[in-house]
Amino acid sequence: MAKSRTSKKSKIKAQAVREVKAEMVETAANIVSAYVKSWAKTEVERIIHEEQIPLIVPLKNGVQVGRYRITKNPHDMWQLANTFGEQMELFVDKRSAVLYSILYQQKRYKAADTILGFDKKLSKVQADYQHYHHSMQRAIKRKDYPVIDVLAARYYDTQYLLTEAKNDLEKTLRLNKYLKVWETGKPL
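Since the structure is predicted, the reported quantities are computational estimates derived from the model, not experimental observations. (Residues numbered from 1 in each chain as written. Predicted model: local features only at pLDDT ≥ 70, side-chain atom pairs only at ≥ 80, totals over all residues. Heavy atoms only, no water.)

### A word on helix H2 (residues 94–105)
Phase 1: Along its twelve residues, H2 runs 17 Å from first to last C-alpha, staying within 8% of the 16 Å computed at 1.5 Å per residue.
Phase 2: Most of H2 is tucked away, with nine of its twelve residues classed as buried.
Phase 3: Inspection of H2 places Ser 96, Ala 97, Val 98, Leu 99, Tyr 100, Ser 101, Ile 102, Leu 103 and Gln 105 among the buried residues, and these make up the whole buried set.
Phase 4: Downstream of H2 by a residue or two, Lys 107 has a phi angle that is positive, lying close to 65°. (Helix = DSSP H or I, 4+ residues; strand = E, 2+ residues; numbered from the N terminus. Expected span 1.5 Å × (residues − 1). Buried < 20%, exposed > 50% of the residue type's maximum accessible area, 1.4 Å probe, protein only.)

### Observations concerning the pairing of strand S3 (residues 68–72)
Phase 1: Sheet topology note: the strand S2 (residues 62–65)/S3 ladder contains four bridges and is antiparallel. Counterpart to Gly 62 in the pairing with S3 is Thr 71.
Phase 2: Where S2 hands over to S3, the hairpin turn is made up of two residues, of which Gly 66 adopts a positive phi near 60°.
Phase 3: Here S3 folds back onto strand S4 (residues 78–81) in antiparallel fashion, the turn holding five residues, of which Asp 76 has a positive phi close to 60°. (Pairing = 2+ DSSP bridges.)

### Observations concerning the sheet that holds S2
Sheets are built from strands that pair by backbone hydrogen bonding, the pairs being arranged parallel or antiparallel.
Phase 1: Within the open sheet, the five strands sit side by side as S1-S2-S3-S4-S5. Their pairing is antiparallel. Only two strands of the sheet have a single neighbouring strand rather than two, namely strand S1 (56–58) and strand S5 (87–91). Between one strand and the next, the sheet's axes are offset by a mean angle of 20°, whatever the strand orientation.
Phase 2: Note that S3 and S4 share four bridges and pair antiparallel. Looking across to S4, one finds that Ile 70 is bridged to Leu 80. (Axes fitted to C-alpha atoms, helices over the stretch in contact; angles between N-to-C directions.)

### Focus: the confidence of the model for the chain
Phase 1: Per-residue confidence for the chain gives a mean pLDDT of 83; residues scoring 70 or more make up 82%.
Phase 2: Note on residues 184–188: pLDDT under 50 across the span, and seven contacts to partners over four residues away in sequence or across chains. (pLDDT = per-residue confidence, 0-100. Contact = heavy atoms within 4.5 Å.)

### A look at the pairing of S5
For a regular strand, the rule is simple: side chains alternate between the two faces of the sheet.
Phase 1: Pairing between S4 and S5: four bridges, direction antiparallel. Paired with Ala 81 across the bridge in S5 is Gln 87.
Phase 2: Count of turn residues in the S4/S5 antiparallel hairpin: five residues, of which Gly 85 carries a positive phi of about 85°.

### A few points about the pattern of salt bridges
Phase 1: Counted by the stated rule, this structure contains six salt bridges.
Phase 2: Residue Arg 95 pairs with Asp 93 through a salt bridge whose shortest N-O separation is 2.9 Å.
Phase 3: Owing to a relative accessible area of 43%, Arg 95 belongs among the partly exposed residues under this scheme.
Phase 4: Overall, Asp 93 belongs to the buried group, its relative accessible area being 16%.
Phase 5: For Arg 95, the salt bridge is made with Glu 170, and the minimal N-O distance between the two is 2.8 Å. With Arg 95 in helix H2 and Glu 170 in helix H4 (residues 145–177), this residue pair connects regions lying 75 residues apart in the sequence.
Phase 6: Accessibility expressed as a relative area gives 28% for Glu 170, which makes it partly exposed.
Phase 7: Overlapping salt bridges, with partners in common, bring together Asp 93, Arg 95 and Glu 170 in one network. (Salt bridge = Lys/Arg side-chain N within 4 Å of Asp/Glu carboxyl O.)

### Some words on the packing of aromatic side chains
Ring pairs (aromatic) are described by centroid distance and by the angle formed between their planes.
Phase 1: This structure, assessed with the given rule, holds six aromatic pairs.
Phase 2: An angle of 70° between the planes, with centres 5.3 Å apart, marks the rings of Tyr 155 and Tyr 156 as edge-to-face.
Phase 3: For Tyr 156, a relative accessible area of 49% puts it in the partly exposed group.
Phase 4: Within the aromatic cluster, the residues linked to one another by ring pairs are Tyr 68, Phe 91, Tyr 100, Tyr 104 and Tyr 109. (Phe/Tyr/Trp six-rings, centres within 6.5 Å; stacked < 30°, edge-to-face > 60°.)

### Comments concerning the nonpolar core
Phase 1: Of all hydrophobic cores here, the largest spans 25 residues; its most connected members are Ile 70, Phe 91 and Tyr 100.
Phase 2: Elements represented by at least two residues in this core include exactly S2, S3, S4, H2, helix H3 (109–142) and H4.
Phase 3: For Phe 91, the residues in contact, after removing those within four places along its chain, are Met 77, Trp 78, Leu 80, Ser 96, Ala 97, Tyr 100, Leu 116 and Asp 119. (Core = buried A, V, L, I, M, F, W, Y, C linked by side-chain atoms within 4.5 Å.)

Encoded structure:
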């Protein structure tokens, strides 16, 4: 029995219809995904700029906390910049930078300044510690014993102060962790 010509034509038509449908589906999917992407971008921008609670978004080299961006600079410090890219503050600890920006945006200036103060104290004591360490190493190489004695005393005092500054900052960060920053009631 010979094959029917009509069945062959129907198969060709069915394949053509499928190809058109696949192209149409691909186009529709691209349009829908572009719309969703555009909508999501607008919503994120609206939430960042209008909401009371800052949105935290991780970035390649830092974090976006509401209207502020926190990035790591070449000197291993965390730089807080406003929406215009102007540097506001430098932090030693990333957690203190994030918490400071959250509290600052919620207008809890006293708590934010406390965190900033402890972080600046830690930064200063770390710089002093490194200075005394390097100075003492140079004095040891020169075998200048009176200078070594003076620097050793300052070095060990600074080492104690460094431990205290780290503990103070850590205690403040742990204490502020329990603040309900998501509530928009009265500032502390």
